Protein chains: 2
Amino acid sequence: MRFLLKFAYDGSNYSGYQIQPGKNTIQEQLENALKKINNGEKTPLVATGRTDKGVHALCQYGHVDMNVKINEKQMKRAMNSNLPPDIHVIEAKTVADDFHARYQVKEKEYQYDINVGEYNPLEKNYKFQYNHQLNIESMQQAIQYFLGTHDFRAFVTENKERKNCIRTIKKATIKQKKETVTITFCGDGFLRYQVRNMVGLLIRVGENKIPPQSVEKILESKDRTKSGKTAPAEGLYLTKVRY
Amino acid sequence: MRFLLKFAYDGSNYSGYQIQPGKNTIQEQLENALKKINNGEKTPLVATGRTDKGVHALCQYGHVDMNVKINEKQMKRAMNSNLPPDIHVIEAKTVADDFHARYQVKEKEYQYDINVGEYNPLEKNYKFQYNHQLNIESMQQAIQYFLGTHDFRAFVTENKERKNCIRTIKKATIKQKKETVTITFCGDGFLRYQVRNMVGLLIRVGENKIPPQSVEKILESKDRTKSGKTAPAEGLYLTKVRY
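Residues numbered from 1 in each chain as written. Chains lettered and ligands numbered in written order. Predicted model: local features only at pLDDT ≥ 70, side-chain atom pairs only at ≥ 80, totals over all residues. Heavy atoms only, no water.

**Student:** I'm lost on the relation of the copies chain B and chain A in this one. Help?
**Tutor:** For the pair of chain copies, the relating operation is a rotation around an axis with a shift along it. Here chain B sits on chain A after a turn of 180° about the axis and a move of 0.0 Å along it, with an RMSD of 0.0 Å. Read as a symmetry element, the transformation amounts to a two-fold axis. Closest to the rotation axis within chain B is the C-alpha of Glu123 of chain B, separated from it by 5.5 Å. A share of 100% of the interface residues of chain B reappears at the interface of chain A, consistent with the copies meeting face to face through the same patch. (Least-squares fit on C-alpha atoms with pLDDT ≥ 70 in both. Contact = heavy atoms within 4.5 Å.)

**Student:** Help me out: how do you make sense of the interface of chain B and chain A in this one?
**Tutor:** A common way to state how big an interface is: give the accessible area lost once the parts meet. Residue-level contacts link 21 residues of chain B with 21 residues of chain A. Interface area for chain B against chain A, summed over the two sides, is near 1500 Å², with a carbon-plus-sulfur share of 66%. Applying the counting criterion to the chain B and chain A interface returns 2 salt bridges. Here Lys76 of chain B and Glu118 of chain A are joined by a salt bridge, their closest N and O atoms 2.8 Å apart. Sorting the residues of the side of chain B that touches chain A by element identifies strand S1 (2-9), strand S3 (56-65) and strand S4 (87-95) of chain B as the ones contributing at least two each. In terms of residue count, the dominant contributor to the side of chain B that touches chain A is S4 of chain B (4 residues). (Buried area = accessible area lost by both parts, 1.4 Å probe. Salt bridge = Lys/Arg side-chain N within 4 Å of Asp/Glu carboxyl O. Helix = DSSP H or I, 4+ residues; strand = E, 2+ residues; numbered from the N terminus.)

**Student:** Quick question: what am I supposed to make of unusual backbone geometry here?
**Tutor:** Residues and elements named next belong to chain B. Positive phi values are uncommon outside glycine, yet Asn39 reaches one of about 55°. Here Asn39 lies in the loop between helix H1 (26-37) and strand S2 (46-47). In this structure, Lys222 takes a positive phi of about 55° despite not being glycine. The residue Lys222 is located in the loop between helix H5 (214-221) and strand S10 (236-242) in this model.

**Student:** So what exactly am I meant to see when it comes to the packing of helix H3 (residues 136-143) of chain A against helix H4 (residues 194-206) of chain A here?
**Tutor:** In helix packing, the relevant descriptors are the interaxial angle and the interaxial distance, both defined with respect to the helix axes. Residues and elements named next belong to chain A. Relative orientation of the contacting elements H3 and H4 amounts to 135°, with a least axis distance of 8 Å. Between H3 and H4, the angle falls in the class oblique. As for the relative orientation of H3 and H4, their crossing is right-handed in sense. Contacts between H3 and H4 involve Ser138, Met139, Ala142 and Ile143 from the former and Leu202, Ile203, Val205 and Gly206 from the latter. Looking at the contact of H3 with H4 residue by residue, the classes come out as 6 nonpolar, 2 polar and no charged. (Axes fitted to C-alpha atoms, helices over the stretch in contact; angles between N-to-C directions. Parallel < 35°, antiparallel > 145°, perpendicular 65-115°, else oblique. Left-handed = near helix turned anticlockwise from the far one by under 90°. Nonpolar A, V, L, I, M, F, W, Y, C, P; charged D, E, K, R; others polar.)

**Student:** Just to check I follow, could you spell out the packing of aromatic side chains for this structure?
**Tutor:** When we look at a pair of aromatic rings, we describe it by the centre distance and by the angle of the planes. The tally for this structure, following the rule as stated, stands at 19 aromatic pairs over all chains. Seen from their ring centres, Tyr61 of chain B and Tyr243 of chain B are 5.3 Å apart, and the 80° between their planes marks the pair as edge-to-face. Linking Tyr61 of chain B in strand S3 with Tyr243 of chain B in the segment after S10, this pair joins segments that are 182 residues apart in sequence. Measuring from ring centre to ring centre gives 5.8 Å for Phe128 of chain B and Tyr130 of chain B, while their planes differ by 65°; the resulting arrangement is edge-to-face. An aromatic cluster is defined as three or more aromatic residues linked by ring pairs; in this entry it consists of Phe7, Tyr9 and Tyr17 of chain A. (Phe/Tyr/Trp six-rings, centres within 6.5 Å; stacked < 30°, edge-to-face > 60°.)

**Student:** What exactly am I supposed to notice about helix H2 (residues 72-82) of chain A here?
**Tutor:** An α-helical segment advances 3.6 residues per turn. Residues three or four places apart therefore align on the same side. Residue and element names in this part refer to chain A. Regarding H2, the residues found buried are Met75, Ala78 and Met79. With its buried residues spanning 100° around the axis, H2 presents them on a single face. Facing away from the buried side of H2, by more than 90 degrees, are the exposed residues Lys73, Arg77 and Ser81. Next to the buried residues of H2 lie strand S1 (2-9), helix H1 (26-37), strand S3 (56-65) and strand S4 (87-95). (Buried < 20%, exposed > 50% of the residue type's maximum accessible area, 1.4 Å probe, protein only. Arc of directions from axis to C-beta.)

**Student:** Honestly, the state of the cysteines in this entry has me stumped. Any pointers?
**Tutor:** Such a bond, covalent and formed between the sulfur atoms of two cysteines, is termed a disulfide. Residue and element names in this part refer to chain A. Within the structure shown, the criterion is met by 0 disulfides over all chains. Between Cys59, a free cysteine, and Cys186, which holds the nearest cysteine sulfur, the sulfur-to-sulfur gap is 12 Å. What makes Cys186 buried here is its relative accessible area of 4%. (Disulfide = S-S within 2.5 Å.)

In structure tokens, the structure reads:
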């Protein structure tokens, strides 16, 4: 029986989503819980995608095949009673045997929160504590250049060369509410560090260090060294996945 | 030179505000930072009041006498460079030598946040994860009985008998925004566990287990055993202090 799990986590105390030997990861915690429920058998979970160290998820999905007979309600309850308090299964749904949590994703949404006001010790793991005002109008102009289909090579941080960096961004917004600036990107998929690198560049625009138009040139350059600093992990949330 | 410090903290990883031997407390962290700045001299900080283990403060004050010559801006910066990231000095102001951070308080405000929706792993230290709907209308009726001057003995948890439990509550509100219920109390002072015990009783009203009117009787009874469970620490914030 194949289940699709919808889950959320606080990434603060994890070395990211994906299992790594000797590190505390979200996948390991989920698979430990699954193994307990699935009669002690190793039970791999195939997630929508990875998130890096310190990144949070309000809405992440994964599919898993269970050998034990268990219904949706029992599955959710059993998972949550075996998970640590910073990981939570929101929903467990049975799906077709050929449903794939990664390959069938149509759209993903990421949100990035920046505190432009006074440093807030309660938000240190949940918003980038930038603590200075930003030129939001310039950032709003700049973000438009990310819309559409582009080769995002200039915004990817990866060890090995990746062949295909072409992705489509369907929505890109910046809003300020009190002292929090929220940047949202919605697209067919995102490359490693892509969102944090785009945010890093938008912050440079917001600091009036480069004009909004420079985003277009940097995209076209396909040169990672041009796009500047990666924004820190703690402001980033995986917020939506659409199948 | 007497300074009044305004500070905020995330109480999640502390055994409360007040220094206790062998425990990690907010006061100890603040006084360690003060000692470093004040040429290694023991430098006591007199705070507005204590907060318990796991309780947060968005706005807490304390006065301190410094022997070194230091201005307000330097004082704030020096404190923050010596404090851990979950405690932050918002403002450092010089005050008259007879200003007292505890005795001169006119009004304090506490806020209590309850998540009545799905369990949220990102809020586990910041809102009480009640995760069931509450009857807000009944709670709004019930909270009115706390307004005014009363003997709050039925809502105090303390080892030793306290003589004076008479306090005045000037404002008491309950609001729901999406899945968060926020209860706010403003008054001349609050006794130990008083806010969390009042919230505990309001939750019983919200569960339709007791009628709103019973709050009046329980107040009059002056009997702690009648007011029920103490709400957990993680939802509570000291939000305002007025001098």
